[in-house]
Each structure stands twice: as C-alpha cells, then as structure tokens.
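The lines below spell out each chain.
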Amino acid sequence: MASTIDLRRADQRFHTRAGWLDSKHSFSFSHHWDPANTHFGLLLVSNDDIVAPGTGFETHPHRDMEIITWVLDGGLVHQDSEGHNGVIYPGLAQRMSAGTGILHSEKNDSWTLTGEPQHQDPVRFIQMWTIPDTAGIVPGYEQLDINDQLSQGGWTTLASGMGKHANQRAIGIRQKHAALHVARMRPDETLELATAPFVHLYVARGEAAVEGAGLLHEGDALRLTGAEGQRVTAGPDGAELLQWEMTAALD
C-alpha cells in the first residue's frame, strides 16, 4: 500500500451548533453529507462534542455499531436499555456495543446520579464509532479507569479487538482489525505512531508535530495510509492524542 498523509484542519470539520450542543464532525454525520468524506479505514464517526449542563442527547437507538466515548472535561451520564448507567469522566475508557439493538441517552446532568449539587459546567467528549466485524451480536457495555496507565506516559491501548492487544488493552471491541490508543504527552515528549495500513490521529488537546506532516493544533487530524511509525512530538504545553490503528477498511 502506498504511503499517504492527509491533514485535516479543525476548521474543515462539519459543525453542528444548537442551544445546548456544539458538535464538530470529522466525517459526514446527521444532515452534514459529503460522499467523499464518509469514513477512514473502519472509523465512521469522530465527533468532538460540548454539551451544556442539564441537557444532552435524549434516548435514541443504535444497531451494529461499536461506540467509544472519551471524556475530556466534566462528566457525562450514560444510561441504556440494557440497564447500564453511570457517569463517564476523564480517564474512564467506555465502550457500548449496539449489536442487535440498544437504546441509550447521554446527558450532562451528573447530579441526578451522584447526589452532588447541580453544576453549570459543560462536558466535552470525543465519540467514535466503528462497525463490528460480526453483525447481530448481543448488546454490551464495558468501562475501565485508565488514569494510572496514562500517567506513566507513552501510548495506552484504550480499546482493541486485535489479538496482539489481548493482554494489554483496557477494554475490548468487536472489531479484530481496529485498536484505539490514547496518550497524554508531556511537553516535548516524542512517541511513534503505529505501523499499519490505516492510522487516524486526532489532537484532542494541545499541539503536536508529526514527522512528514508538520504541526497539528487542537482539533486537527491526520489520515495516514501505509503508516510507517512516524514520530510525533508534543508542543511546549503537552498534548492529548487519540490514535486509531486499523488493518482493514470499509468496502
């Protein structure tokens, strides 16, 4: 596979703004449609959402999708038709498998579960969707706090369905050709990207310089085909990066 680097700047993303929601989409989503930008590799959705307090996404359905939510600021309440509920916070890896069908809601109203006083803080989170490698699975849910691993530096495998990550991943996904890694990089720290047919890198915080691509700022993304382990170096204030490693693509 030929090696290519496709840099997508933050201001190139689709943008949905409502009274309670500020959402920026890396791919076609909802009423935003571009037939040339529907996915990359196996990644169909990568939304950077800010939700106002006391509001959120009401109960809605999903089917045959692996959905990973990564909170950057605040707390997001998850509730679903399989009986799972709780507050997702920064450093908590969370995955919902929609499978044969699931209903869920996501709201910024953590006080309803924790009993703490009502707050006025927004919640910011990245939500990412990939298709499962097997349709019609039983709906499922998994979460794990990985703050300790992140504090040690380097890449932490947030979620993976690859066999090589069976003993080091935080949570599993039902997609044997995909893995999601996260790093909270210290100032000027250097790491290597995966060597894989498809790599998607998203700068969730800060800025980072990538070999062959230059400087990326918060909200920028790289789509690499034939990735060769390019080096990435955090800026003077550090960076938080999300990296999808994929060995297959949608047909």
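A quick note: this is a predicted structure, and the numbers were derived from the prediction, not measured.

Caption draft 1: Region of the structure containing unusual backbone geometry. You will see that Ser30, though not glycine, has its phi angle at about 55 degrees, which is positive. Looking at the secondary structure, you find Ser30 in the loop between strand E3 (21–25) and strand E4 (43–51). Look at Ser30 and you get exposed, because its relative accessible area is 62%.

Caption draft 2: Expanded view of the sheet that holds strand E9 (residues 92–97). Taking strand neighbours across the sheet as the criterion, the 7 strands line up as E2-E3-E4-E11-E6-E9-E12 in an open arrangement whose pairing is antiparallel. Strand pairing shows two members of the sheet lacking a second neighbour, strand E2 (14–17) and strand E12 (140–145), which therefore form its edges. The mean angle between the axes of side-by-side strands here comes to 15 degrees, regardless of whether they run parallel or antiparallel. Sheet analysis places strand E6 (residues 66–73) next to E9, joined by 4 bridges and oriented antiparallel.

Caption draft 3: Structural view of the sheet that holds strand E10 (residues 102–107). The strand order across the open sheet built from 4 strands is E5-E10-E7-E8, with neighbouring strands paired in antiparallel fashion. Edge positions in the sheet fall to strand E5 (56–62) and strand E8 (85–88), since each of these pairs with one other strand and no more. Between one strand axis and the next, the sheet turns through 20 degrees on average, direction left out of account. Alignment of E5 against E10, held across 5 bridges, turns out to be antiparallel. When the bridges of E10 are listed, Pro61 appears paired with Leu103.

Caption draft 4: The layout of surface pockets, seen in detail. Space inside the largest pocket adds up to approximately 220 Å³. Taken together, 16 residues make up the lining of the largest pocket; nearest its centre are Leu21, Phe29, Asn47, Asp49 and Phe57. Counting only elements with at least two residues in the lining of the largest pocket, the list comes to E3, E4, E5, E10 and strand E11 (123–130). For the lining of the largest pocket, the per-class residue count stands at 5 nonpolar, 9 polar and 2 charged.

So, how was this worked out
Along each chain, residue indices are assigned from 1 in the same order as the chain's sequence is written. Owing to the predicted nature of the model, reporting of local features is limited to residues with pLDDT of at least 70; listing and counting of side-chain atom pairs is limited to 80 or more, with chain, interface and lining totals taken over all residues. To get the side-chain values, all heavy atoms of the structure are used, and hydrogens and water are removed first. Secondary structure elements follow DSSP: runs of H or I of four or more residues count as helices, runs of E of two or more count as strands, with numbering from the N terminus. Burial classification: accessible surface area is computed with a 1.4 Å probe over protein chains only, and a residue below 20% of its type maximum counts as buried, one above 50% as exposed, and the rest as partly exposed. In short, DSSP must find at least two bridges between two strands for them to pair. Inter-axis angles, ranging from 0 to 180 degrees, are taken between N-to-C directions of lines fitted to C-alpha atoms, where helices are fitted over the stretch in contact. In this analysis, the protein atoms alone were mapped onto a 1 Å grid. Cavities are point sets where a 1.4 Å probe fits without being able to get out; pockets are open sets with protein on both sides within 12 Å along at least five of seven lines; lining residues have an atom within 4 Å of a point. Grid points are joined across faces, edges and corners, and a volume is the space filled by probe spheres set on the points. Residues were grouped as follows: Ala, Val, Leu, Ile, Met, Phe, Trp, Tyr, Cys and Pro as nonpolar; Asp, Glu, Lys and Arg as charged; and all remaining residues, including Gly, as polar.

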